[in-house]
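Here are the chains, one letter per residue:
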Amino acid sequence: MVELDSLGKADTVRNYVGGDWVTPESDDELVTTNPTTGEELGRVPFSSTNDVDDAVRTANEAFEDWSGRPVEERIQPLFELKSLLEENLDELAEILVQDHGKTRAEARGELRRGIENVEVACGIPSMMQSGTLLNAAPEIDESAVRKPLGTFAAITPFNFPGMIPLWFLPYAVATGNSFILKPSEQDPLVTQKLFELIDEAGFPDGVVQLVNGGKDTVNDLIDHDGIEGISFVGSTPIAKLVYERAAANGKRVQAQGGAKNHIVVTETADLEFAAEKTVSSACACAGERCLANDVVLVEESVYDEFADLVVAEAEAQTVGYGLDDGTDIGSLISEEHETTVRNYIQTGIEEGATMLRDGRDVDVDGYEEGNFVGPTVFGDVTEDMVISQEEIFGPVLALDAVESVDAAIERMNASQFGNAASLFTGSGADAQKFRHQAEIGNIGVNVGTSAPMAFFHFGGWKDSFFGDLHAQGEDMIQFYTDKAIYIERWPDA
Ligand code: NAD
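The name recorded for the protein chain in an unreviewed UniProt entry is methylmalonate-semialdehyde dehydrogenase (CoA acylating), from Natrialba magadii.

Here you go:
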């Protein structure tokens, strides 16, 4: 058992405001546990309206100076943060495994994706530029500039606590804004460590703040006059609430929601490769990924063969503690969520889907408290079934046969969600058709999980996204700045 030595300070999770660690004043709190061992990890006190107000006021004061600093100066703490993240990667990954339940390799991969965003934001001096036109009119030069706006907040989910805050934070501060993070209350410890590194990185006090809490803390941020804009990532019902409330308050808002993603397999695909990628797409991070492709539509002629390959691949997965070597699938975030996933499996059985592999009966020696569900594979899952329509967020695959790629695309596009989809094929024509017709934000061809690199925006359509500018890359520059025009005349020039 690995000691939680680095978490000594996290017995009680704290806020980071004005460069100091402070304990929120509210009596509400949540106790977080290691989802594999059941061990208590930390108490998360929820921030009150006053705590939020302190953080926003401090951030706004810091903005006055920060927004006027040269851009080269603003990115120096990000270079330092990148180095600190690299140096502390192993420790961060270990905390993440213990707090969330994923495997060490998944934790490292997640952190790598977060670091990528810090690297991209270091390019703000180029990315933030706008155009200038000499002689736009007689004697007149005209230019467009981007300006920071004030203090922004981000509210993030439990499933990628080491990465998703970094979809926002580096861009917000590099463009000259102040930033407040409200992470998930379910696994806040990696964020505590991240903020220890932020504390070392050399940001002026008040530029980057952390407030812990739940629903009320989120609403206090959304309602606060001192906040310019809100980024949200989480489930669709909450994304919609946050989007509407922030917009009603006149704020900029981007709200990423839940998903139900599809894989389409044609008869020309490399079936073994496709089966391996399908199982890893649906089951990595125990299925707790918004990009998990878990509805699998297979051309009839290869359906039986492909289903056998998927079952064999599912059988080969080792369920266990993410810190133990050889573990492929870790535990779900909580006992409550494990029950939700098991209820969905029961629903699938009652709806008449064919159970091809039942992952419910999973024992992991030494971790009897673990929130485990093994890879579960259903066949003959028709479009009307709940397990074909709703996000399960567990390692549950739903297979069905389709007569053609056209039929698969039609069924996929009928979903309320549009986060991600992948096609496995050997046909360029099918790939092109898929790219053109999929009503989806992140589209993969012969790729199991279409996760965009940090220099591209993170897509998401329909009920998977509310807003217009997405997370990561160029979109974040637009979200965190507004454009102004300078029109200059010098008649004697
Ligand atoms: P969640 O919606 O329960 O919580 C997300 C955040 O919202 C948390 O910080 C939480 O404290 C806060 N929150 C919860 N209830 C609230 C309420 N009533 N009012 C205001 N704030 C509230 O989501 P989760 O369970 O933490 O995360 C899983 C969900 O996130 C899944 O649906 C997953 O698909 C989605 N997700 C989407 C993306 C994406 O890019 N589209 C990425 C990761 C996760």
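Picking up after the structure, the text goes on.
Novice: Please explain the nonpolar core as it appears in this structure.
Specialist: Within soluble globular proteins, side chains that are nonpolar tend to cluster in buried spots. Ranked by size, the top nonpolar core spans 109 residues in total, and within it Phe 168 and Phe 179 carry the most contacts. Among the elements that take part in this core, helix 7 (residues 189-201) stands out by supplying seven residues, more than any other. The residue makeup of this core includes at least three contributed by each of domain 1 (15-257 + 464-485) and domain 2 (261-445). When residues no more than four places from it in sequence are discounted, the contact partners of Phe 168 are Ala 154, Thr 156, Phe 179, Ser 231, Val 233, Gln 254, Ala 471, Met 476 and Tyr 480.

Novice: Honestly, the sheet that holds strand 22 (residues 481-489) in this entry has me stumped. Any pointers?
Specialist: Pairing between the strands of a sheet is mediated by backbone hydrogen bonds and can be parallel or antiparallel. Taken together, the three strands give an open sheet; going across it, the order is 5-6-22, and neighbouring strands pair in antiparallel fashion. Single-partner strands in this sheet number two, and they are strand 5 (132-137) and strand 22. Going across the sheet, the axis of each strand differs from the next one's by a mean of 30°, ignoring polarity. Pairing analysis gives nine bridges linking strand 6 (residues 140-148) to strand 22, with the strands arranged antiparallel. If you follow Arg 146 over to strand 22, its bridge partner there is Lys 483.

Novice: I would appreciate a short explanation of the pattern of salt bridges in the present structure.
Specialist: As a working rule, side chains carrying opposite charge can pair if their charged atoms are close by. Under the counting rule described, the total for this entry stands at 26 salt bridges. Residue Asp 358 pairs with Arg 360 through a salt bridge whose shortest N-O separation is 2.7 Å. Through salt bridges that share partners, Lys 82, Glu 86, Arg 112 and Glu 119 make up one connected network.

Novice: I tried to follow the site of the ligand on my own but got confused; where do I start?
Specialist: The ligand sits among 26 residues. The nearest are Thr 156, Lys 182, Glu 185, Ser 235 and Glu 391. Lys 182 is positioned such that a nitrogen or oxygen atom in its side chain is 2.8 Å from an oxygen atom of the ligand. Within the side chain of Ser 235, a nitrogen or oxygen atom sits 2.7 Å from an oxygen atom of the ligand. Contact with the protein chains removes 88% of the 840 Å² of surface that the ligand exposes when unbound. Of all the secondary-structure elements, those providing two or more residues to the shell around the ligand are helix 8 (215-223) and strand 10 (227-233). Taken together, the residues that form the shell around the ligand break down as 13 nonpolar, nine polar and four charged. Split by domain, the shell around the ligand shows at least three residues from each of two domains, domain 1 (15-257 + 464-485) and domain 2 (261-445).

Novice: So what exactly am I meant to see when it comes to the domain arrangement of the protein chain here?
Specialist: Often, the extent of an interface is quoted as the loss of accessible area upon association of its parts. Along its sequence, the protein chain is organised into domain 1 (15-257 + 464-485) and domain 2 (261-445). Summarising the inter-unit geometry, the C-alpha centres of domain 1 and domain 2 are found 31 Å apart. On the domain 2 side, the residues contacting the 22 residues of domain 1 number 25 residues. Taken together, the two surfaces of domain 1 and domain 2 that pack against each other cover about 1900 Å², and 59% of this comes from carbon and sulfur. Among the residues domain 1 hides against domain 2, the three largest losses belong to Pro 35, Thr 36 and Ser 464. Together they make up 28% of the total. Here domain 1 and domain 2 share zero salt bridges between them.

Novice: Teacher, can you tell me more about the UniProt feature "domain: Aldehyde dehydrogenase" (unreviewed entry) in the protein chain here?
Specialist: Under the UniProt annotation, "domain: Aldehyde dehydrogenase" (unreviewed entry) lies at residues 21-482. This span, residues 21-482, is 40% helix and 21% strand, and a straight line between its end C-alpha atoms measures 32 Å.

Novice: Before we go on, may I ask you to explain the packing of helix 8 against helix 9 (residues 236-248) in this structure?
Specialist: Any two packed helices are characterised by how steeply their axes cross, that is the angle between the axes, and by the distance between the axes. Remark: helix 8 packs on helix 9, axes separated minimally by 9 Å, with the N-to-C direction vectors making an angle of 30°. On the basis of their axis angle, the class for helix 8 and helix 9 is roughly parallel. The residues of helix 9 that touch helix 8, namely those facing Val 218, Asn 219, Ile 222 and Asp 223, are Val 242, Arg 245 and Ala 246. Class assignment for the residues of the contact of helix 8 with helix 9 results in four nonpolar, one polar and two charged.

Novice: Looking at this model, I keep getting lost on the side chain of Glu 110. Mind explaining?
Specialist: Looking at the secondary structure, you find Glu 110 in helix 4 (residues 104-121). Of note is the side chain of Glu 110, whose polar atom sits 2.6 Å from the backbone nitrogen of Gly 162.

Novice: Would you mind showing me how to read a nonpolar patch on the surface here?
Specialist: A surface patch of nonpolar side chains, about 320 Å² in accessible area, is lined by Met 453, Phe 455 and Phe 456. Residue position: Met 453 is located in the loop between strand 19 (442-445) and strand 20 (461-462).

Conventions we followed
Residues numbered from 1 in each chain as written. Predicted model: local features only at pLDDT ≥ 70, side-chain atom pairs only at ≥ 80, totals over all residues. Heavy atoms only, no water. Core = buried A, V, L, I, M, F, W, Y, C linked by side-chain atoms within 4.5 Å. Buried < 20%, exposed > 50% of the residue type's maximum accessible area, 1.4 Å probe, protein only. Helix = DSSP H or I, 4+ residues; strand = E, 2+ residues; numbered from the N terminus. Domains from an automatic or database assignment. Contact = heavy atoms within 4.5 Å. Pairing = 2+ DSSP bridges. Axes fitted to C-alpha atoms, helices over the stretch in contact; angles between N-to-C directions. Salt bridge = Lys/Arg side-chain N within 4 Å of Asp/Glu carboxyl O. Near = heavy atom within 4 Å. Polar contact = N/O pair within 3.5 Å; in protein donor to acceptor, adjacent residues only side chain to side chain. Areas by Shrake-Rupley, 256 points an atom, 1.4 Å probe, with all protein chains shown as cover. Nonpolar A, V, L, I, M, F, W, Y, C, P; charged D, E, K, R; others polar. Buried area = accessible area lost by both parts, 1.4 Å probe. UniProt positions renumbered as here; feature names shortened; annotations may be inferred. Parallel < 35°, antiparallel > 145°, perpendicular 65-115°, else oblique. Patch = residues over 30% accessible without salt bridge, like charges linked within 9 Å, V, L, I, M, F, W, Y side chains within 5 Å.

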